[in-house]
Structures are given as C-alpha cells and as structure tokens.
Amino acid sequence: MSFFSRFMDGWRKYRKPGYYEEFDYHWTMAIDLDKCTGCEACMTACQAENNIPVVGEEEVARGREMQWIRVERYWEGEYPNAKLNFIPMMCQHCDAAPCETVCPVAATYHNQDGLNAQIYNRCIGTRACAVYCPYEVRYFNYYDHGWDSPLEQQLNPDVTVRGKGVMEKCTFCIQRIRQAKDMAKDDDRRRVQDGEVQPACVQTCPTKALVFGNRKDRESEVYQSMTDPRNYRVLDELNTDSSVFYLKKVDA
Amino acid sequence: MTTETFKLGYNDIHDDVVRSIVKTGPKYYIALATAGSITLLCFFFPWFYQLYYGIGAAGMNHPGVWGTYLASFIFWIGLSHSGTLLSCVLHLTNSSWRKAMYRSAEAMTLFSLVVAATYVMVHVGRPWFVHWAAPYPNQMELWPNFRSPLMFDVMAIATYITGSTIFIYMGSIPDFAAVRDRTSGWRNTMYTLLSLGWRGTDKEWHRLHWAYTFLAVLIIPLAVSVHSIVSWDFAMSIVPSLHQTIFAPYFVVGAIYSGTAGIVTVMFVLRKTMGFEQYITKVHFDNLGKLLLVLSLIWTYINGVELFTAWYSGTSEEYEALGYKLFGYYAWLYWEMILFCAVAPLLMFSTRFRTSFVPMLILSIAINIGMFTERFLIIATSLSRQYLPDAWGVYVPSLVEISIMVGSFALFTTLFLVFVKIFPSVSMYEVKETMATPKMEPLAPASGSPA
Amino acid sequence: MPNIDRREFLKLVGAGGVSVGGGFMLREANKDQPEYLIPHVLAPEDFSSGLDTFYNSVCSMCPAGCGISVRTREGRAKKIEGNPAHPVSQGGLCTLGQAGLQALYNPDRLTAPMRRAGAGDAGSFEEITWEQGLKQVGDRLDLLRAARRGNRVALLTQGVRGHLAQLLESFMRQLGSSRLLHYDFDHPHTLYAANQQFFGESRLPYYDLANTRLLLSFGADYLNNWISPVHHSLGFGESRQSRPDVRARFVQIEPRMSISGAAADEWIPAKPGTEGILALGMAHHIVAEGNYSGADRGAWTTALADYTPDAVAEQTGVPATTITRLADSFADTAPSLAIGGGAAGNHSNGVDTLVAVNALNYLAANIGQEGGLVFNPEPAGPASQQHQASYSAMVELAEAARQGEIDVLIINGTNPVFTLPPTAEFAEALAQIPLVVSLSSFLDETTALADVILPSHTYLESWGDDFPEPGMGFSVGAVSQPVVSPLYNTRGTGDIILDLARRMGASSVIPWQSMEEFLKYGWRRIYQRGDAQTLAQDFDAFWTSVLKAGAWGETTSGTTAFSLNPDVIASIGVAPPEFSGSEEDYPFILHPYLSANFHDGRGANLPWMQELPDPMTSVVYGSWVEVNPVTAEQMELSEGDLVDIQSPHGQLRVPVFIYPAIMPNVIAIPIGQGHGEYGRYAKDRGVNPIEILSPQLEPITGNLASSATRVSLTATGGRVKLVKTSGVSRDLGRDIVQHTGAGVEVSSAVDNSIPITEVTT
C-alpha cells in the first residue's frame, strides 16, 4: 500500500469503533444485579489487594474516601414497599473513555488489552480525568496516607503504593492479569484461559455475582453474560462503550 | 474628540509620567511592602504548606476535585482579557479614549496571566512535574496528549502570554526612549537597554505602527480562542451542566466583562495614586461603563439561555444540577452573582452613574466578585451533581484555599506596583496624539549661525 | 588578604586536606546501613523472593468456619481468599473474612504476657515472661486440682469446635470442673432448642438454599450473619440465577429490612416477635386448604385452629391476603424452604417461633429434601453447642463468682463485658474472682479486667481445625495452619492449655507437647475411619493432603427419614411476645442487629471495617439509630439529629438515620461500636445498644431476648454530621439499576448494545 493509503487506513481504524479488534484480549466484567447482595466483600478484597489506604474518619467526613470499587445503594419506593438496590461501581474501562482524552500528559490510556490503564508516575495531578469520568470512579491521593505499623506488612508487593498528588482507580487487578499472562507465556506460550485470572473483587464475591474474562473468547463465562438478554450498561447513553456489563435485576 | 488633555502640553505629559516613575514616596514603599508581605504570607506560605502535605490542605474532595484553584485560574485568565480588548480591539477601531489607559490594561493582562500560570502550579497535584505538559523532546520519548483540552490550554496560554509580552513591550519602546531621555544614572542605563536604541525617526514610527497593528490583529482571535479553550476544559467533559456548547461564548463574554470591570478598578486606583487625574477622566469611565453595560446584558442573556436549556431538557441530570445551582447548598452564592452581575450593572443605564468615579469603582469590584463567584459555581455545583446520585457530594473551600485566593490578589498588586515604577503606565506618545499639536515656535537664532 | 609565606601556605593546605579527608570518612561511616536486596542468605524453606506461597487455613472471624487460602510473600500474609476446595466457602469470602489480615497485623495486638501491675482494676499492666505467667496460673490450677476443688475453675471461651474444643473439654475434665462455657452473643440457642424439640436433633440441619425455589426467611439475616453467610450467599446466587429457567424467589419477614431483606423479592414487615404467629397462620392455611396430605392432618388442624389468617393478620400487622398467598406459594412450590432466626429468634417466644418455622417446612414436605432441610450426620469433631452458655448461664456464672465460688476464670477470645448487657453484672463479678486469666490477642473490655494475660496467636498464626456447624449434609472438616511465623511473643491457645495441663499434673491424660501434635493425634482417628483409598496412603501423606486441599469431607449422610412425634404437634403454639417496659413510657421497640462490618463487635478494631460503609446506610466510623420516615417527620427529626434512646435499663445518645424500610414503631441500632477498650480504632466510638437491653428472657433456653426491649426516643436538639459515603440514595428516575421481569417496562432505550465485532483473522 502507498504511504497515503496506509495512513488513511490507520486513521479510519482509529476513528471508528472496532479499532480494538487488534487487542490481544478484551477484558470484560459482568455483574449480575439479581445476585448482588451488597455485602461489600469486593470492597475489602480490593482494598487488601491494591494497597488502598485507609484515610481516616476526618478525611471521609470531608468526602475523600478511597474506594476503587464501591457499592452504590438506591432506595425505591416508600414504606412498606421500599426496596433497596445495590450496584457495584468501579472503573468501567470504557473503550471510548472520556478520561483518556483529557489527561494532558497521557497518564491514562487504553492499553492493548482493552484496559484503561493509569500510569502513576506520569500523573501530574490535574484531576481533569476525575471530572470527565461520568461514573466518578477515579480517586485522588490528597495526602500521603500511611499505614500504622505493622499494617504495612500486609501491602501487596505487586502493586505500587501511590504518593500524594496522583490519581488512582480500579485496574481490573492488572497485576493479576500480568501474572496470568506471564505464567501462560511460560507454559508453552498458550493464552490465558477463562477463569484463570480473576480480580480480587470477582474472586471473593460470595454470590458469584461478578464474572470476569476475555470477551474475545466466545466460550467464556463473561461472554455468555454479555450476550444475556438481561444485560445493559450503566450510562450507556453517554456512549462511553464501557467494558462492564450489568445484568438487570429481576422483579418477580 | 475633545478631551481635557487639550489643555496640557507635551511636556506636561512627559513630566507627569516620568515623575510617576522616578519619584517614589514612602507611601509607595509601604504599599509595596504590604502587598509583598501579604503575597508571601497568604500566597506562598500556604502554597508551600500544601506542597509539603498534599492537595489535601485544600478543601477538594471526591467528587469535588476542582475548586477555587481552578475558579481563580479562570478568573485570572478572564481578567487578562481586559488588555486585549482595550488595546487591540479599540486600537483597530481607532477610539481615542483608550489611549490613556491601554498600557496599564495591557499590564493587567500580563500580570493576570502570570498569576494564572502560578495558579496552575498551585492546583496541580505534582507541580514539580508540570513541565511534562510541555512538548519537549525527552529521554522518555513521550509527548503530551495533544487531544486534551488542557493541552490546548497550555498551548493557548503560552501563546497568549508570549504575544502579550511582546505586545506591551513593543508598544512601550517609544515611551522607554522618552523616559531614557529624562532620567540619569542606573535608570538611564536600564531604559537605554529597554528602548533598543529608539531614535524616533519616521521609519521607526512607521514600522512600530505596522508591527503594533499586526500584533493587535493577531491577538484578538488569540484572546477569543484562549478563553474558549479554557471553557472547553469544562465543555468537553460529559458532566451534565458543564457539557454545553454555550460555554465558549459564555466564558469569552464573561472574561471580557470581568476584564473590563477590572480595568475600571485599576484605572480608579491609578488616577488617585499616580496623579493621572487629567489623563484618565470621566469620559473614560463613561465609555467603559457603556461597554460594561452591553457586556452585562449579553452575560445575563447567556445565563438565561443556560437556565432555559437545562429546564427545557427535562432530564433528571440537568434538572437536578439546575435546581441545585438555584436552591441548593451554594444558592446564596448564585443569587449574589445574579445581583452583582446582572442586576446591579443596570445602574449604568444612567449617565450620571457612569461618570461618577466612586460608584463605578464599587460596581466594578462587585462585578468582579460576582464573576469570581460565577467561575466557582460553574465548578462546584456541576461536580456536586453528576450522573450517579450515590456519588453526589459537597465541596467546601478550606482556609488554605481562601488564603491563596487573597494572596493571588496581593501577588497581582505587587507585580503591578513594580510595573508602575518601571514601565510608563500611561502611554505618553498615544496620549500626545490626542492633544493638539503644540505650536511650533521658531527657534531664537543663535548668534552668527544660520537657521 | 595578608601575605602568606610558603610554609604557612603548606600548613594551610595540609590542614585543609586532612579535614576534607576526615569529613569524607565521617560521612562514609555514617551512611545508611547497607540494604540487602534479598534479606536472607539462607532463606527459610517457604521464602521464594518474588513468588507467592499459599497456605490453606480456616477463617475465625465469625463462627461459620469458611475455608481460606492465604497468599503469603516472603513470610508475610498479603491476601486472604476463599478456598475453592472448601465446601463452605467454595472460593468466596465475606468482607470480615478479608479483613482478617488486619487482625494479624493490628498495631494494638498484645505482644507478650502481662500481669496487672499494682492493685485495683485501673488497667495498667506490666510485661512478664511466659514462664512467670504460666507458672502463676499453672500453680494455682495444680493446687486446686490436687485439693479436688477443680470446680472452682471456670473456663469461658468463644464458641470453638474441633480439637480445641475437645482439648478444652479434656482439660476441664481433668480439673474436675463442670464450668466449661462457650459464649457467643450470636449463638442461635433458640434454633437449636427448636430443632431439638421438633426433630429431636441436637445438630443443626443443612439448609439447602442452592437448590430451593422459594425461601421464606423469618427474621434470619442469612446473607449477612446467620450461621454461615458465605455459604448462604453462594446458595443464594446459585438458586437465583445459575440454573437455566429456574429462579428462586426469596421472601423476608422482619420488622427492619436487613441485607437479606434487601436481596429478597418481597420484604414483609411483621410486628416484632409475631413472626412465629405468622408462620402458624400460614401453616393453618396450608392445612385448611388441603395442601398437606400427611396422616396427622387432624392433629395439625386442632393445634392450629386459633391461627386463622384473619386472627393472625390482626396480631402481626400483615394482611390476611398476603398470608394466604404466601402459604399457597410455599406449599405449591417444591422444593421450598423456611428458615428463622435473628431477631425473630430473640424474643420471649423465640423457640416457639422457630418450632413454627420447622412446622412450615414439615407441612410443605421440605424435610430431608434437596432444596429444603437436610439432616446432618454426626460431625467428625466436637461441636460447641453443648457448652454454649445462654444469658442465664452467664448470669449464673456471675452469681457464682459473686458468691466466691470461683477462684480462677480463664477467658479465651470472648468479650462478655461488651456483649452482655450490664444487667448481668459481669464486670462486677470479674472483680470477685481472684485470678482472671485472659488468652485473648487484644486488650478488649474483658481482658482489660484480667489479672494475667497470656496472649494467643491470631488464627493466622496458629494450629487448629474446624468442623463447620451446620454441616453440608455430609461431614466437612478442615485444618487451620499457621500462614506466617508468629509476629510477637504469643502462643497458640491450644499450646497454652497443653502447658497448663502439664503444670497441673494432667500430662498422663493430656501428654501432647504442642497443638500440632494433638491435632495430628486427633486426625489420625479420622484417618482411620477413612475408606480404602485413604488408608492406602500413610498418615503423613493423608495429613499433607488435608493441608494442601484445605478441606476434608466424608460422604456420610444424616437421616433422611423423619417421623414427627405427635406430642410435638400438640405443643405447637406461639404466644405473643413480651417486652420490657410499658408501651406508654417506651413507645418504640429496639431492634439491635449484628452489623456487617463488626459482627458482634469483634471487627471494630480493624480499620478496614471502620471505614467500610455500612451496606444499608453507608455510614462509617460511628453509630446511628434507624427511624421510619413518617415517624421522623412526626417527631421533626432529620438525619444527624442526636436523640436519647432510653430503655428501662439504660440510656444512649446517638444520631438519627432516616431509614425507609423499618416499621414506624421500631428503631434499630447496629451492634459493634461503643467499645471502651479494644484499641485505637475501636475505642470511644459510637454506642453499644447491648448496654441498654433489658434482661428479658426466652424461657426455654434462658437466653437473652435481645429484641424484646422497649425504648423511648427523645430529641436532644443537638446535631452531628453523620459521616456517610453515599450522596443521595435515590436514583431520581435515572434507571441506574435497571429491572426486568413480568409486567415491568424495560426502560432503557438501548437493550443489547454490545458492538460485537467478529475477529476474522
């Protein structure tokens, strides 16, 4: 192909959705809201796995809690017909992520696996990504939070401990994905199998409401969930093309 | 156009302006010391505290990640539009009443931009790396993300500050020369350097005029685009009440509005303190007042459009954000803004009001307070009410932030005070253009030499 | 500069050179100690730098006994996961279980044995050696045992099972003491009593949620803290959405919506304490409609004659139509399952209520069915039930102490000073005991009153085992092994008891040197019960395989056939509940509930749990009282208003939370905060509702009817800001959580909007 047609080809691919056909994997999560009980095991598991600091009562009162995955609660109706709906909310790893556009230093970008990756040591802390995220799942380190000794013994060595001034968010436990890919590579260069890598939240969920996998693998559990008629995406009308699919709660 | 300056002669202007530069009384030093110490105490020390401990010293939280720092940043960029408008636009329309004020207005622009640039450093989480937003070749082989509105910001503001600096400097060259010819000692040396060997020849004047006009034409779209770009920091998000196409005109109009009000304030102060009563007169205030009135009407209209579109959309997101703006936690700020920026300026329909100095001063300060509130509200109310109600929150500015806000005004004042002692703050040669040419009297013949 | 001659110049240069050199050497000498990249030259066996080592163990954060798998790195525990091979947890784990790491690495752990310094109860302790501590206690025990006054020794432990329970039994037997008590606040005494009464079973059955089609829960918060929440959550998930074309329906009957109530398809508020009456109303309808075809139908009709739907509707506040509808669907759906517990079991009619729930299961033929109630075989290891102390038993113990009948009290991991209401006067009783020994890992309220502290390892550092109760319909066991070396100068509980046994001269009967040894001895017997395949390997291989798997099971099963004793039918009946205080003085009923974060208060010293938003309210770091919105409006209360809650036996001040799903005359306060000790994260934070509970009893078990306290609510005029993480908990028509199902409009515009692109290469 001529240089020009190669250029136009690349440009077309970049502009139209579907450029992520080139992804190695396309990590996706499916959350069944009919199974989620709001127990928040996922929140603590994520905190343990990703070295998320405990900010303390004063900071939570100021609105600075750090919860990469949070369980949102929405009441419906009034007594005695009140209902409470839970929905876990974490970074949706949007394929058309608003946050990626706005970071001036490209500290957040879409990696080759379809993940929205955050580079801590590139972040200069403009916090524009947190403004642009409609799901409000990005959390900023307002201080250097510490751990009362010896709680720091529990820190996960595979995950950076963030200093003040950088933004952080759910990474789909990219350290576990990386490890699984490494192990797969060691093992005769095979691909990561379905169920081999699970983020901390998915692994601990007692009702198995969270499912994670590679949607390019048509046999995977997450693909089955994605194509379930009950599926939808939160704030889909914003066309963020998120990678987290929710399964509707059933009224029966 | 008759001005009171007709009564003055060329030498009077020179004398007045040079005196304002050379003669410094104790009042000036006190003012400078006060402004300097307030800057240090209220701007730099809290900032250093924040640098040490983290942005947590400010009041920002989740979801209110942007607060007074960004509001101030935008406010100061807005103020910077004063010089541009007065200098460039009015130059191109050949209005003579701008001539006494435009130098100081351009200085306002420059210093507002400097303060705004400092604010970027204050606002960012890791300011020691903020240079990564600049496109320079580096061993990381990384370029910044040019798709980002914040990058457009960097480019635009850098261009604007460069352009404004060149503009004000270039326009001051003849004046530097005039001051050079009337001072001695270290001042003479400094002004000799600054005036770049200006001799006042026809050719030089011709070139200056063309260069100046050329830059004026260039800077106008730059100013419009700078504040549009700044508005796109917000408008390119998908936050319900930020994602609006009206934002670019809204911000540009708001900037010119607050900038012009800023000029009124500065002009008042300059008149009183530098003895420029004869140069900055009722006429100037009258015209500035008319301009302010027009801008305030446009601004009111745009606000109305915002309210209307939010209500008309009928979506919960816009509706809630609107209701929150009008009746929520910050409602008192909203109504204060309406009072100061939409209602009070209507007083300027009366000529008597427009030509009274102190009322105009008070109004101009009120307008700027209102405009600052507007910037703050845009950020705080929108971030508090986004798509997911579970994540709604309230942001309250902290003491550190308020102190830095106060300190930024002191910083601006300090810079301006230094400016008036170096630059001739009234453009001598332009003011002379408004005056009648002095009668050329024949020189007394020297004994024995031909005429 | 003055003229310097050559000599002076050289002197200066020399001096300068020497001082520079000296300074340089000084700096080098004072540089940081060199850091080694790899900290060991000869690393311990399980240290592989950069590689994880997983250890299977058993979680002890609540009595459920989930199997866990702990990821360790270079000897430090990093993450706890559910053990996929363990039948209870099957890879899942609850939020409190995940926080176990913070119990291990808690800054407020007791690090060495201590003894009270100086007289009086003001808790200042001095550190002593293990030898000193064990000698002090051991000698006293030895003395008492020799003098045949072993009954003056009491041992109060948290509910333990498995071989530690056996060891404690053996220990007390050797002492000649009958005062072995297990005390857990949340032990379902009434459930056991109801099962004993109805089924004649001393074990809890297995509640097969995974295969059921309709679950009726009378007050049991099975997803949060009732018996085995992780396993029930698993079952919930499976029965909800894992079977094609079958979706189980869940109905919750309770006065305050719990987490299980939120997950239920239908939440039915019934007046507190009338859940059993409601169950009997349903039972009446099932029999009356002819949906029950057993031979003893006549006896049932007679027994249930008074419980007509209308009469029951009157008493419970639940409409008769609902009662009949529920009864019909319960009988028609097969299999269905009824469970009861929580607040419903903690009334004066608690046992009768739970018998009524069992009756429902019986009438709907759920007994012994998959998806219903499955009987458990004898557990392979000792259970805790026979020693579990009710409130009355604890009061008796306190009385005995006050009478001077107790010389030594050994406390292991239970905190009655916090979990017993002050009416039991337990703290005062402790003062009457000459030697109080605590084996806890933390300085909780009870340990603060101890005389000698012999701190135990946390569960992540000790050997133990567990046989979960209830079983899974078959026997399950697991060995709990240390995942890290002990952090401090503590010892395993079993090891402490073995040492004390030795010191009191019981080593002929209790000869083991360590808990590990004892465990192996006990498991050898289990090994010998095994099938041919098990016996084909030697014991060590078996032991290793149990540790590696983290679980052991046996395919024995309990009885399936069940015939009901006719006398039981005649005894069925639920009296209306009795409450403390009069309705005029105390118009509200207090509903204390175990919080998700802290359970019965044990999780309050874990920072993760303090910062975890409460699932229903999202409040952190404090306590609150839940008030119905209409009630709040009538009393002009809004969120954060401080109110005084007064019961006939105490008073609390706590902020208000407007709770949409609680009955108007019921208020609820979570249990878990309000500690006076227990470390920096727990201390002086929130309120403990147990403090104001009246000593209402359930007569059959003698247990505390903790839901039977009446209270009054008075506004104080004060306000605090309730620290919550949620903003506004209404979705304002934005359809964030979307619903689907019969008769509900699918409101999202785009239903199936996934851009599936086929990969052609």
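This text follows the structure it describes.
Keep in mind the model is a prediction, meaning the values are calculated, not measured.

J.: Help me understand the interface of chain C and chain A, please; the structure alone is not making it clear to me.
T.: Interfaces are frequently sized by the accessible area removed from exposure as the parts join. Contact residues are listed per partner, giving 92 residues for chain C and 79 residues for chain A. At the boundary of chain C with chain A, total buried surface from both sides reaches about 7300 Å², with 53% on carbon and sulfur atoms. Three residues, C:Trp608, C:Ile736 and C:His739, lead the burial of chain C against chain A; their summed loss comes to 9% of the area buried on that side. Along the contact surface separating chain C from chain A lie eight salt bridges. Measuring nitrogen to oxygen at the nearest pair gives 3.3 Å for the salt bridge that ties A:Asp158 to C:Arg73. Applying the counting criterion to the chain C and chain A interface returns 39 residue pairs in polar contact (both at pLDDT 80 or more). Among the secondary structure elements, those contributing two or more residues to the side of chain C that touches chain A are β2 (67–73), β3 (76–82), α2 (95–98), α3 (100–104), α7 (229–241), α8 (259–263), α22 (607–611) and β28 (739–740) of chain C. Of the residues in the side of chain C that touches chain A, the class split is 47 nonpolar, 25 polar and 20 charged. Bridge count between strand β11 (residues 249–250) of chain A and β28(C): two bridges; the pairing is parallel. Along β28(C), the bridge assignment pairs A:Lys249 with C:His739.

J.: I keep staring at the interface of chain B and chain A and nothing clicks. Help me out?
T.: Listed as interface residues are 50 residues of chain B and, on the opposing side, 47 residues of chain A. Linking chain B with chain A are 32 residue pairs in polar contact (both at pLDDT 80 or more). Counting residues per element, the ones that place at least two in the side of chain B that touches chain A are α2 (26–53), α6 (149–180) and α8 (202–235) of chain B. Class assignment of the residues belonging to the side of chain B that touches chain A gives a composition of 33 nonpolar, 13 polar and four charged.

J.: Help me understand the packing of α8(B) against helix α9 (residues 247–274) of chain B in this model?
T.: All names here are of chain B. It is at 8 Å that the axes of α8 and α9 come closest, and there the two elements cross at 130 degrees. One way to sum up the angle between α8 and α9 is to call them oblique. In the crossing of α8 with α9, the sense of the turn from one axis to the other is right-handed. Taken together, the residues of α9 that come into contact with α8 (itself represented by Val224, His227, Ser228, Val230, Ser231, Trp232, Phe234 and Ala235) are Phe247, Ala248, Phe251, Val252 and Ala255. Across the contact of α8 with α9, the residue classes tally to 10 nonpolar, three polar and no charged.

J.: For this particular structure, what's the right way to read the side chain of B:Thr213?
T.: Residues and elements named next belong to chain B. Examined against the element boundaries, Thr213 turns out to sit in helix α8. Judged by its relative accessible area of 17%, Thr213 falls in the buried class. From its side chain, Thr213 meets the backbone oxygen of His209 in a polar contact 2.7 Å long. Look past the residues within four positions of Thr213 in its chain and what remains in contact with it is His91 and Leu92.

J.: Help me understand the environment of B:Tyr257, please; the structure alone is not making it clear to me.
T.: Residues and elements named next belong to chain B. Mapped onto the elements of the fold, Tyr257 is located in helix α9. Looking at Tyr257, the relative accessible area reads 0%, which means it is buried. Taking the C-alpha atoms as reference, Tyr257 lies 8.5 Å from Leu291; in sequence the two are 34 residues apart.

J.: Would you explain unusual backbone geometry in this entry?
T.: Leaving glycine out, the prevailing phi sign among residues is negative, and the prevailing peptide bond configuration is trans. With an omega of 5 degrees, the peptide bond between A:Ser149 and A:Pro150 qualifies as cis. At C:Arg148, a position not held by glycine, the phi torsion is positive, near 60 degrees. Structurally, the position occupied by C:Arg148 is in the loop between α4 (130–146) and β6 (153–157). Note on C:Arg148: relative accessible area 79%, which makes it exposed.

J.: For this particular structure, what's the right way to read the pairing of strand β10 (residues 244–247) of chain A?
T.: Here is the key point about a regular strand: its side chains alternate between the two faces of the sheet. Residue and element names in this part refer to chain A. Residue alternation in β10 divides its side chains into two sets, Val244 and Tyr246 and Phe245 and Leu247, and both sets are buried. Bridge count between strand β9 (residues 231–232) and β10: two bridges; the pairing is antiparallel. In the strand pairing of β10, Tyr232 is matched with Tyr246.

J.: So what exactly am I meant to see when it comes to helix α12 (residues 331–343) of chain B here?
T.: One turn of the α-helix equals 3.6 residues, which is why residues spaced by three or four share an orientation. For α12(B), the full list of buried residues reads B:Ala331, B:Leu333, B:Tyr334, B:Glu336, B:Met337, B:Ile338, B:Cys341 and B:Ala342. On its buried face, α12(B) is in contact with α9, α10 (282–313), α11 (316–327) and α14 (357–384) of chain B.

J.: I would appreciate a short explanation of the sheet that holds strand β5 (residues 125–127) of chain C in the present structure.
T.: In a beta sheet, neighbouring strands pair by backbone hydrogen bonds and run either parallel or antiparallel. Residue and element names in this part refer to chain C. Read across the sheet, seven strands follow the order β5-β4-β16-β15-β14-β6-β7 without closing on themselves; strand pairing throughout is mixed. Of all the strands in the sheet, the pair left with one neighbour each is β5 and β7 (180–182). Looking at chain direction, strand β4 (residues 114–116) and strand β16 (residues 452–453) are connected through two bridges and run antiparallel. If you follow Arg115 over to β16, its bridge partner there is Val452. In the packing of helix α5 (residues 162–175) onto the sheet, the strands contacted are β6, β7 and β14 (408–412), and the crossing angle to β6 comes to about 170 degrees.

J.: For this particular structure, what's the right way to read α10(B)?
T.: Between its terminal C-alpha atoms α10(B) stretches 46 Å, which fits the 46 Å expected from 32 residues at 1.5 Å a residue. Phi turns positive, to about 70 degrees, at B:Gly314, one or two residues after α10(B).

J.: Which parts of the structure should I look at to understand the pattern of salt bridges?
T.: Any two side chains of opposite charge can pair, so long as their charged atoms come close to each other. One pass over the structure, following the stated rule, counts 60 salt bridges over all chains. Across the salt bridge formed by C:Asp600 and C:Arg602, the nearest N and O atoms sit 2.9 Å from each other. Each member of the pair, C:Asp600 together with C:Arg602, is buried. Each member of the salt-bridge network shares a partner with another, and the members are A:Asp158, C:Asp52, C:Arg71, C:Arg73 and C:Glu74.

J.: What is the right way to read the side chain of B:Ser241 from this model?
T.: All names here are of chain B. Among the structural elements, Ser241 can be located in the loop between α8 and α9. The exposure class assigned to Ser241 is buried, which follows from its relative accessible area of 5%. With residues up to four places along the chain from it excluded, the contact list for Ser241 reads Phe247, Glu306, Glu318, Ala321 and Ser382.

J.: Mind showing me how you'd approach the packing of aromatic side chains here?
T.: To describe a pair of aromatic rings, you give the distance between the ring centres and the angle between the ring planes. If you walk through the whole model with that rule in mind, you get 76 aromatic pairs over all chains. With 5.7 Å between their ring centres and 70 degrees between their planes, B:Tyr28 and B:Tyr29 make a pair best called edge-to-face. A relative accessible area of 48% means that B:Tyr29 is categorised as partly exposed. Feature note: the residues B:Phe75, B:Trp76, B:Phe111, B:Tyr169, B:Phe176, B:Tyr191, B:Phe372, B:Phe409, B:Phe412, B:Phe416, B:Phe419 and B:Phe423 constitute an aromatic cluster, connected by ring pairs. Cation over ring: A:Arg191 sits above A:Tyr25, and NZ or CZ is 4.3 Å from the ring centre. Over the ring of B:Tyr324 we find B:Arg385; its NZ or CZ atom is 3.9 Å from the centre of that ring.

Rules used in this analysis
The numbering scheme is per chain: residues are counted from 1 as the chain's sequence reads. Think of it this way: whatever chain is written first is A, whatever ligand is written first is 1, and the rest follow in order. Restriction of local features to residues with pLDDT of at least 70 applies here, the model being predicted, together with a cutoff of 80 or more for giving and counting side-chain atom pairs; totals for whole chains, interfaces and linings are based on all residues. Heavy atoms throughout the structure, all of them, feed into the side-chain values; hydrogens and water do not. Residue contacts are defined here by distance: any two heavy atoms, one from each residue, within 4.5 Å place the two residues in contact. Two parts placed together each lose some accessible area under a 1.4 Å probe, and adding up what both lose gives the buried area. By definition, a salt bridge exists where a carboxyl oxygen of Asp or Glu is found within 4 Å of a side-chain nitrogen of Lys or Arg. Two N or O atoms form a polar contact when they lie within 3.5 Å of each other; inside protein one atom must be a possible hydrogen donor and the other a possible acceptor, and for residues adjacent in sequence the pair counts only when both atoms belong to side chains. Helix and strand labels come from DSSP, where a helix needs a run of H or I of at least four residues and a strand needs a run of E of at least two; each type is numbered from the N terminus. Here the term charged refers only to Asp, Glu, Lys and Arg, the term nonpolar to Ala, Val, Leu, Ile, Met, Phe, Trp, Tyr, Cys and Pro, and the term polar to all other amino acids, Gly among them. Strands are treated as partners if at least two bridges between them are detected by DSSP. Between the N-to-C directions of two axes lies an angle of 0 to 180 degrees, each axis being a line fitted to C-alpha atoms and, for a helix, fitted only over the stretch in contact. Geometric relationships in this document are graded by angle, where less than 35 degrees denotes roughly parallel, more than 145 denotes roughly antiparallel, 65 to 115 denotes roughly perpendicular, and other angles denote oblique. Note: crossing handedness is left-handed where the near helix turns anticlockwise from the far helix by less than a right angle, and right-handed where it turns clockwise. Relative accessibility thresholds used throughout: buried, under 20% of the residue-type maximum; exposed, over 50%; partly exposed, between the two (1.4 Å probe, protein chains only). Expected span of a helix, by definition, is 1.5 Å for each gap between consecutive residues, and there is one gap fewer than residues. The criterion for an aromatic pair is that two Phe, Tyr or Trp rings (for Trp, the six-membered ring) have centres within 6.5 Å, with stacked assigned to planes under 30 degrees apart, edge-to-face to planes over 60 apart and tilted to the rest. We count a charge as sitting over a ring when the NZ of a lysine or the CZ of an arginine lies within 6 Å of the ring centre and within 35 degrees of the ring normal.

Just geometry here; none of it tells us what the structure is for.
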